[in-house]
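Chain and residue survey
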Amino acid sequence: MNNGFGLRKAILLLGAVLVASGSYSSLVKAEGADGGRQVKATPWKEGAAVATDSNVSALSPGYVHRFANDPIMLAGVDRSYDVYYNVPKAELGSNHYLELDLSYSDLLLPSQSTLTVLVDNKPLKSVFLTKEEAKQRKVTIALGADEAKPGFHKLTFAKHGVVSDDFCEDPDNPANWLQIARSSFVYIDSKETYTTADPLKEFPYPFIEPGTTDEVYGVIVVPDAPSSELLSSALELAARLSSLTAAKKPVPMMTESEWAKADGKPAHVIAMGSVGAWTGPVKKIVEDNGVRAENEELALDSMSLEEAGKNGSKQLLLLSAAKDEAIAEKLRILTNPKLAEQLTGSHLVIRQTPAVTDEGDEPKKLTLASFGSEHLLLNETKPESGKLSVVVPSYWKLTGESSLELKLKVSPLLMAEIGEQTERKTEKKTKETGAGRYGKYGLTVTVNGIPKTVSLQEPAKTKTQGDTYTVNIPLTSALQDKDSSGALDIVFTANIGLTEGPCTGDSNNGRWIFVDKASTFNVPHEMAKDSSFQHWPGPFVSDQGTDRTAILVPQQVNGTFLSQLSRLAGDLTSASDTNRRIAVFREPLDDQALKQLNDYHVIVPGDLGQFPSLQKLRDKLLLPTENDRLQLGKYAAINETTDYAAWIQPSVWNENRVMAVFQKVNAGAGEQGSFVHPNLLQYLKSTKKPGQVVIMNKAKAVFTVAAPSDSRTAQDDNALNPAGKAPGIPVWLMVLIPVLLVGLLIVFIRVRRKEKRDAGKQ
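Below or above, wherever it landed, is the structure these notes cover. Remember, it's a predicted structure, so these values are computed and weren't measured experimentally.

**Quick notes on the sheet that holds strand β10 (residues 122-128)**
Read from one edge of the open sheet, four strands run β7-β12-β9-β10, paired in antiparallel fashion. For this open sheet the edge positions go to β7 (78-87) and β10, each flanked by a neighbour on one side alone. Here the average twist between neighbouring strands, direction ignored, is 20°. Relative to strand β12 (residues 151-160), β7 is paired through ten bridges, and the arrangement is antiparallel. Residue pairing across strands places tyrosine 81 opposite phenylalanine 157, the latter belonging to β12.

Here it is, written out as structure tokens:
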């Protein structure tokens, strides 16, 4: 790969070295940068506790977690519902509490109707549901130290409500309800700092903190002239951090100069690059703190960053090596979960590359657990699960019948009653013995609003693996639905309640259905390989990751470009759930790099004028240009209203590979480096429409635009002949043509001889 690049104008620094307690601090400033920041970097002493800003309380005291996206409805006599809340890492006070906004039926009997709140199955408080506050009631419950430990906690709401003094309370009375509003929240009394003596053990905190409001609190900084290897490493790390967030938020990236000049909310920093590549404030930090890395070593140094004029301090993690290749080789200690959990200390030098098992070649296995589900225990008080969102990889081209193979366990009492009911029906004594009072037992699986109910009498006949039953739920129609785009919303409901009447007096204790989180989605598929956005991000990703994908980047890069590249790389790697590295080629390309591109699917982000290697190949591009501007008229798109465009086609370096181009049609002031918008990427992931060209207009609406008729013909030809080669000539025609030519030659010679003989006779 080509690393050639002239150094950008170096940032002049004004600094002073401060010595304190045997550790060094460096004060650096970007000269001439209006609003430029002055930072002081202080290395952490090994084993010493250091306080830095907490992510959640730097601007305002306390942390609010809203645990419900939709109102929680509890209907019936006895109902319960589970949600989860997260306690972030911060110094904590003692004033933690849960605040509930309730409304409930004014017909509930206040002397008998209650709501009980439990945290991690521990009861905290029960309250009577009084009639005077039925329309709107606010309940505040104090949380103790156990309920405020950092991490996730289960919050359970258990309601018992009755609307009559009669023994025959109807459990299905629609007037028996309670609602918990989405405005309810958990308040954690978090302070502005978090103290630790082992920052590497906390990694990836504080740069990301899953479960919190923003989740991403760090930025990756690279030298102004990053090599291809370093950019590839930075993208790999950014993609890994993004994959750990619940919302898959991208991690911003910027160059050293931009970080020095940036004026805004301070962020934690991961600075990565070879020791000699820095030219600005990071260079000053490296020199003043004696950061060294020799041979193939990778050094990790934790420091505190304090910025002049701003309170608090952030954390700096400096990744240094003698060469960028060493960073690329050893970065797995941060990106591989088995290695990252072994990190410890404030300063670490890795001399030997750890060997790890490559799990990238394992077939992708989808289970309930892989989509965040825990084991589900459904009973009378909690007969319904929450909604589970499942997304089948968009690059999968479905090839057969799909299903969800559920692994179930059923209460022995319930199975015994099913057996009794079946036997009584067989003896035709159901009415006399009252077996019908148990109703019909089953499990309803609702997929995208369409229910499928399975009778528990069927699994009872096919018991496998001890006490585990297997049930198959068909998914083919749901996955083929164009509106679903491979996304499934699944809800499980247990049908084990009483159905005959209100006076059964049976509490249904001991009857339950257990859904194992190892239940598997069987989705036969193949990898999409065609030049279409229909199965994006295929073919750039597969079940083996992105090992055959490369990104071509221009010689000049800035923070806007790098951050958008981080978002794009995150989409690619999160789609395959692998840690495979994405190769990066940086302009200008030498002959070796051009030859290597033949082996890759290529993504080209940015204005085509920034890629000299493409200038001689513009006639091979799907979209024409005029004066370096895309011309979209042939594709029924208006140039003047188009903001971003993307297209996919056979690679100009190897027509058996695929190339995708993303660019802003007309980059204005302040938009240099911009090449893609989140709306366009979201559209590509969610749409299943075939097409080679996608545009986003200035109103942020995204369209798949139609190709002209000649392009469609060419695409049809390429579909029949993907290699782009001329159609082969049939063998019989290849034999016949020479024979005809020889025959015609013989006839011609004989005719000429006859003409000469006739002329001689005359």
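**Details of the pattern of salt bridges**
One pass over the structure, following the stated rule, counts 18 salt bridges. Linking lysine 138 and aspartate 101 is a salt bridge whose minimum nitrogen-to-oxygen distance equals 2.7 Å. In this pair, lysine 138 sits in strand β11 (residues 137-143) while aspartate 101 sits in strand β8 (residues 96-104), placing the two residues 37 residues apart along the sequence. For aspartate 101, a relative accessible area of 16% puts it in the buried group. Two residues, glutamate 133 and arginine 137, come together in a salt bridge whose shortest N-O distance is 3.3 Å. Exposure remark for arginine 137: the relative accessible area of 12% places this residue in the buried category. Here the salt bridges share partners, and the residues they tie into one network are Glu99, Asp101 and Lys138.

**Some thoughts on a nonpolar patch on the surface**
A contiguous nonpolar patch, built from Ile737, Leu741 and Leu744 and spanning about 310 Å² of accessible area, is present on the exposed surface. Relative to the elements of secondary structure, leucine 741 occurs in helix α16 (residues 731-761). On the accessibility criterion, leucine 741 (55% relative accessible area) is exposed.

**Structural notes on the nonpolar core**
In terms of nonpolar packing, the biggest core is built from 98 residues, with Ile220, Met272, Leu406, Phe492, Trp536, Phe662 and Leu680 touching the most fellow members. Considering each element in turn, this core owes the most residues, seven residues, to helix α2 (residues 228-243). Beyond its immediate stretch of four places on either side in the chain, phenylalanine 662 contacts Trp536, Ile603, Val604, Pro605, Gly606, Ala645, Ala646, Phe675, Val676, Leu680, Leu681 and Leu684. Judged by nonpolar contacts, the second largest core, of 31 residues, contains Val56, Val139, Phe157 and Tyr217.

**Thoughts on the pairing of β11**
Alternating residues of β11 divide into Arg137, Val139, Ile141 and Leu143, all buried, and Lys138, Thr140 and Ala142, none buried. Where β8 lies against β11, seven bridges are found, and the strand directions are antiparallel. Following the sheet pairing, leucine 98 is matched in β11 by isoleucine 141.

**A look at the environment of serine 227**
Counting through the fold element by element, serine 227 comes out in the loop between β16 (218-222) and α2. Overall, serine 227 belongs to the buried group, its relative accessible area being 8%. For the pair serine 227 and alanine 277, spaced 50 residues apart in the sequence, the C-alpha separation amounts to 9.3 Å. One polar contact links serine 227 to aspartate 324, side chain to side chain, over a distance of 2.6 Å.

**Considering the side chain of asparagine 639**
With respect to the secondary-structure elements, asparagine 639 resides in the loop between β39 (629-630) and β40 (642-650). Using a relative accessible area of 15% as the deciding quantity, one classes asparagine 639 as buried. The contact partners of asparagine 639, leaving out residues within four places of it in the chain, are Leu630, Gln631, Leu632, Gly633 and Val665.

**Observations concerning the packing of aromatic side chains**
One pass over the structure, following the stated rule, counts eleven aromatic pairs. Ring centres 5.2 Å apart and planes at 80° place the aromatic pair tyrosine 194 and tyrosine 205 in the edge-to-face group. Taken together, the residues tyrosine 194 in strand β15 (residues 193-196) and tyrosine 205 in the loop between α1 (199-202) and β16 connect sequence positions eleven residues apart. Of the two residues, tyrosine 194 and tyrosine 205, neither departs from the other in class, the shared state being buried. Judged by centre distance (6.1 Å) and plane angle (55°), the ring pair of phenylalanine 203 and phenylalanine 207 falls under tilted. Taken individually, phenylalanine 203 and phenylalanine 207 each receive the classification buried, so the pair is uniform in this respect. One aromatic cluster is present, built from ring pairs that chain together Phe533, Trp536, Phe540 and Phe662.

**Examining the sheet that holds strand β27 (residues 442-447)**
Each strand in a sheet pairs with its neighbour through backbone hydrogen bonds, running either in the same direction (parallel) or in the opposite one (antiparallel). The antiparallel open sheet is built from four strands, whose spatial order is β24-β31-β27-β28. Of all strands in the sheet, those bounded by a partner on one side alone are β24 (388-391) and β28 (450-455). Adjacent strand axes in the sheet meet at a mean angle of 25° when their direction is disregarded. Relative to strand β31 (residues 487-495), β27 runs antiparallel, the two sharing six bridges. Looking at the pairing, leucine 443 lines up with alanine 494 of β31.

Analysis parameters
Residues numbered from 1 in each chain as written. Predicted model: local features only at pLDDT ≥ 70, side-chain atom pairs only at ≥ 80, totals over all residues. Heavy atoms only, no water. Pairing = 2+ DSSP bridges. Helix = DSSP H or I, 4+ residues; strand = E, 2+ residues; numbered from the N terminus. Axes fitted to C-alpha atoms, helices over the stretch in contact; angles between N-to-C directions. Salt bridge = Lys/Arg side-chain N within 4 Å of Asp/Glu carboxyl O. Buried < 20%, exposed > 50% of the residue type's maximum accessible area, 1.4 Å probe, protein only. Patch = residues over 30% accessible without salt bridge, like charges linked within 9 Å, V, L, I, M, F, W, Y side chains within 5 Å. Areas by Shrake-Rupley, 256 points an atom, 1.4 Å probe, with all protein chains shown as cover. Core = buried A, V, L, I, M, F, W, Y, C linked by side-chain atoms within 4.5 Å. Contact = heavy atoms within 4.5 Å. Polar contact = N/O pair within 3.5 Å; in protein donor to acceptor, adjacent residues only side chain to side chain. Phe/Tyr/Trp six-rings, centres within 6.5 Å; stacked < 30°, edge-to-face > 60°.

Any link to function would need more than the numbers given here.
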